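Residue-level structural notes
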Amino acid sequence: QVQLVESGGGPVQAGGSLRLSCAAPGYFFSTSAMGWFRQAPGKEREFVTGISRTGYSTLYTDSVKGRFTISRDNAKNTLWLQMNDLKPEDTAVYFCAARATNYFSSTFREGYDHWGQGTQVTVSS
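Residues numbered from 1 in each chain as written. Predicted model: local features only at pLDDT ≥ 70, side-chain atom pairs only at ≥ 80, totals over all residues. Heavy atoms only, no water.

1. A short note on the pairing of strand 7 (residues 68-73)
Quick note on the threshold: Any residue under 20% of the maximum accessible area for its type is buried, any over 50% is exposed, and the rest in between are partly exposed; the area is computed with a 1.4 Å probe on protein chains only. Secondary structure follows DSSP: runs of H or I at least 4 residues long count as helices, runs of E at least 2 residues long count as strands, and numbering of each begins at the N terminus. Strands were regarded as paired on the criterion that DSSP finds at least two bridges between them.
Judged by which residues are buried, strand 7 turns out to be one-sided: Phe68, Ile70 and Arg72 face inward and are buried, whereas Thr69, Ser71 and Asp73, on the alternate face, are not. Direction of pairing for strand 7 relative to strand 8 (residues 78-83): antiparallel, over a ladder of six bridges. Along strand 8, the bridge assignment pairs phenylalanine 68 with methionine 83. The turn linking strand 7 back onto strand 8 is made up of four residues, and asparagine 77 within it adopts a positive phi angle of 55°.

Next comes the structure, spelled out in structure tokens:
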């Protein structure tokens, strides 16, 4: 099992910003499309954003477009999620996910092979 390690979550006030990070093994990261999902209490885990293996192609769910930015640095084996203008409805556990040997990311949970343990983001109004 590949270990993905998220960090950067925490409490923030509405309108604030957070930057999440996800670290992965080098041999694995550069050959995988990546994604961020989130799960709020009592809700299904949902797709937030994804990025292709090279970083040239990105996907966003409508509710975060213009506020969140996904990026990656294959030389540093790190994925980021910059979250601006946070809203209380963004409160959730955020998960990093990897789609091994695939170029493009996917909006479906089933499209990902490996998951991190999650990091809590709490946005207060």
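2. Quick word on the environment of threonine 107
Basically, it comes down to this: By definition, residues are in contact when any of their heavy atoms lie within 4.5 Å.
With respect to the secondary-structure elements, threonine 107 resides in the loop between strand 9 (92-100) and strand 10 (114-115). Look at threonine 107 and you get partly exposed, because its relative accessible area is 38%. In the structure, threonine 107 is positioned 72 residues away from glycine 35 in sequence and 8.2 Å away in space, judged by C-alpha atoms. Apart from the residues lying within four places of it in its own chain, the contact partners of threonine 107 are Phe37, Phe47 and Leu59.

3. With respect to the environment of leucine 86
Considering the arrangement of structural elements, one finds leucine 86 in the loop between strand 8 and strand 9. Note on leucine 86: relative accessible area 1%, which makes it buried. Sequence-wise, leucine 86 and lysine 76 are ten residues apart; in three dimensions their C-alpha atoms are separated by 27 Å. Those residues in contact with leucine 86 that lie beyond four places of it in its chain are Val12, Ala14, Gly15, Gly16, Ser17, Leu18, Arg67, Phe68 and Val123.

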